[in-house]
Amino acid sequence: MTAFWILAPIMVIAALGILFVRKAVHAALLLAVVMMSLAVLYLVLQAPFLFAVQIIVYTGAILMLFLFVVMLVGVDASDSVVETIRGQRILAILAGLVLGLVLVTGLGQITLGTAVGLDNANSGGNIQALADILFSRYVFAFETTSALLITAALGAMVLAHRERLGPKPTQADLAHQRVRDYAEKGLHLGPLPPPGVFARHNSVDTPALLPDGTAAEASISRVLAARGTVRSAPELADDIETVQRRLEAFGDDTARGRGSAPASTEKDAE
Amino acid sequence: MTATPYVVLSAIIFTIGCVGVLTRRNAIVVFMCVELMLNASNLALVAFARQHGNLDGQIAAFFVMVVAAAEVVVGLAIIMTIFRTRRSASVDDASLLKY
């Protein structure tokens, strides 16, 4: 029971965290915590086969799939705080509390008695015993599962497949298109400005500055803009005064130091 | 050792997953909460298997895992397709059938 009392609070806190975190990636990581704890609980409950399957299938395969989709989709997918139906959130939480209370009090009413334990059923090995049942009593359900899995794989392929309607544009086509856009719509012919041009930093999250001092939107990756991690040009200009003051102070220091030890300050100023 | 604490824990996690499905807007997080509910029911099944001393509960949990794997594959493919056409993974944006 020690494992249970250690893991149960962790699982409940991680599950509650899924409700409150803003980013889908964090929710996926908290889900991983719940699933790993669950795997350990399976081991405590004498289900070593399900322990392995839980880690391999759930934490290994399903969560990786979730993370892949978060990577493809989640950047723009911020959770909106606005309610579409008024009062829906409060009602949902109330209904959840009622459901939880009913379930827990209902379970409190019954006494299950001491567990029989699986020592007898697992005597020939848990996996062997499971296989015996799976391939005798549940063999039809097992075979139906194969049909389900094939259907799911085909369905996912059909849903994710994108039909290419026209031929793939070659590099020459793209160049022609670019020049045509320039002739007809006056779009910029050259490459996009790289980030950080004429700005005070050259990191990718700093927009290029146009001659009039405004930020060039095209110089920043769309993904960074969606994440909201782009530094704004005026904000970068804020600390110019501080830097100037520091430079002046540094200049004063060197000017004062020059009188006493000219040889060393020459090197310092550089 | 009785199975009651395990079943109570399973009920609590199921409730949390339920509230998550009702309150969250991001389709991926809603899907994670569905997974949470399936896992909670699995815990109850395994706990009852131990309580009654036969392995049928573990077999049921195994089948739940298989169905969950299939469901995740198709569900995430649907989310991807919706995102590709609507540029949004919010469950509120896919509401054209309402009008």
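Parameters and conventions
- Residues numbered from 1 in each chain as written.
- Chains lettered and ligands numbered in written order.
- Predicted model: local features only at pLDDT ≥ 70, side-chain atom pairs only at ≥ 80, totals over all residues.
- Heavy atoms only, no water.
- Axes fitted to C-alpha atoms, helices over the stretch in contact; angles between N-to-C directions.
- Helix = DSSP H or I, 4+ residues; strand = E, 2+ residues; numbered from the N terminus.
- Parallel < 35°, antiparallel > 145°, perpendicular 65-115°, else oblique.
- Contact = heavy atoms within 4.5 Å.
- Nonpolar A, V, L, I, M, F, W, Y, C, P; charged D, E, K, R; others polar.
- Buried < 20%, exposed > 50% of the residue type's maximum accessible area, 1.4 Å probe, protein only.
- Phe/Tyr/Trp six-rings, centres within 6.5 Å; stacked < 30°, edge-to-face > 60°.
- Patch = residues over 30% accessible without salt bridge, like charges linked within 9 Å, V, L, I, M, F, W, Y side chains within 5 Å.
- Areas by Shrake-Rupley, 256 points an atom, 1.4 Å probe, with all protein chains shown as cover.
- Salt bridge = Lys/Arg side-chain N within 4 Å of Asp/Glu carboxyl O.
- Buried area = accessible area lost by both parts, 1.4 Å probe.
- Polar contact = N/O pair within 3.5 Å; in protein donor to acceptor, adjacent residues only side chain to side chain.

### Digging into the packing of helix H3 (residues 48-73) of chain A against helix H3 (residues 56-86) of chain B
Running from N to C, H3 of chain A and H3 of chain B cross one another at 5°; their axes reach a closest spacing of 11 Å. Considered as vectors, H3 of chain A and H3 of chain B are oriented roughly parallel to each other. Together, Phe49, Leu50, Val53, Gln54, Val57, Tyr58, Ile62, Leu65, Phe66, Val69, Leu72 and Val73 of chain A of H3 of chain A and Gln58, Ala61, Phe62, Met65, Ala68, Ala69, Val72, Val73, Leu76, Met80 and Phe83 of chain B of H3 of chain B make up the contact between the two elements. Grouping the amino acids of the contact of H3 of chain A with H3 of chain B by side-chain chemistry returns 21 nonpolar, 2 polar and no charged.

### Looking at the environment of Val34 of chain B
Residue and element names in this part refer to chain B. Its location among the elements puts Val34 in helix H2 (residues 27-52). Overall, the relative accessible area of 25% leaves Val34 in the partly exposed class. With 14 residues separating them in the primary sequence, Val34 and Gly20 have C-alpha atoms 8.4 Å apart. Residue contacts for Val34: discarding those within four places in its chain leaves Val21 and Glu71.

### As for the packing of aromatic side chains
Taken as a whole, this structure holds 7 aromatic pairs over all chains when the rule is applied. Between Phe135 of chain A and Phe142 of chain A, the ring centres sit 5.0 Å apart and the planes meet at 75°, which makes this aromatic pair edge-to-face.

### Notes on a nonpolar patch on the surface
A surface patch of nonpolar side chains, amounting to about 510 Å² of accessible area, comprises Ile90, Leu91, Ile93, Leu94 and Leu97 of chain A. If you trace the backbone, Leu91 of chain A turns up in helix H4 (residues 88-109).

### Here's the deal with the side chain of Asn39 of chain B
Relative to the helices and strands, Asn39 of chain B is located in helix H2. Residue Asn39 of chain B is classed as buried on the basis of its relative accessible area of 2%. For Asn39 of chain B, the contacting residues outside a window of four places in its chain are Met35, Leu38, Tyr42, Gln54 and Tyr58 of chain A.

### Concerning the interface of chain B and chain A
Size of an interface: often given as the accessible area lost when the parts come together. Counting residues at the interface gives 69 residues for chain B, matched by 83 residues for chain A. Here chain B packs against chain A, burying approximately 7,000 Å² in sum over the two surfaces, 76% of which is carbon and sulfur. Area buried by chain B at its contact with chain A is led by Met32, Arg50 and Met65 of chain B, which between them contribute 10% of it. Put simply, chain B and chain A have 1 salt bridge between them. The residue Arg137 of chain A makes a salt bridge to Asp56 of chain B at a minimum N-O spacing of 2.8 Å. The interface formed by chain B and chain A contains 17 residue pairs in polar contact (both at pLDDT 80 or more). Within the residue set of the side of chain B that touches chain A, elements represented by two or more residues are helix H1 (4-23), H2 and H3 of chain B.

### Here we look at the environment of Val34 of chain A
The topology assignment puts Val34 of chain A in helix H2 (residues 24-44). Looking at Val34 of chain A, the relative accessible area reads 1%, which means it is buried. When the C-alpha positions of Val34 of chain A and Ala14 of chain A are compared, they lie 6.3 Å apart, and in sequence the two are 20 residues distant. Once residues within four sequence positions are removed from consideration, Val34 of chain A is found in contact with Met11, Ala14 and Ala15 of chain A together with Leu36 of chain B.

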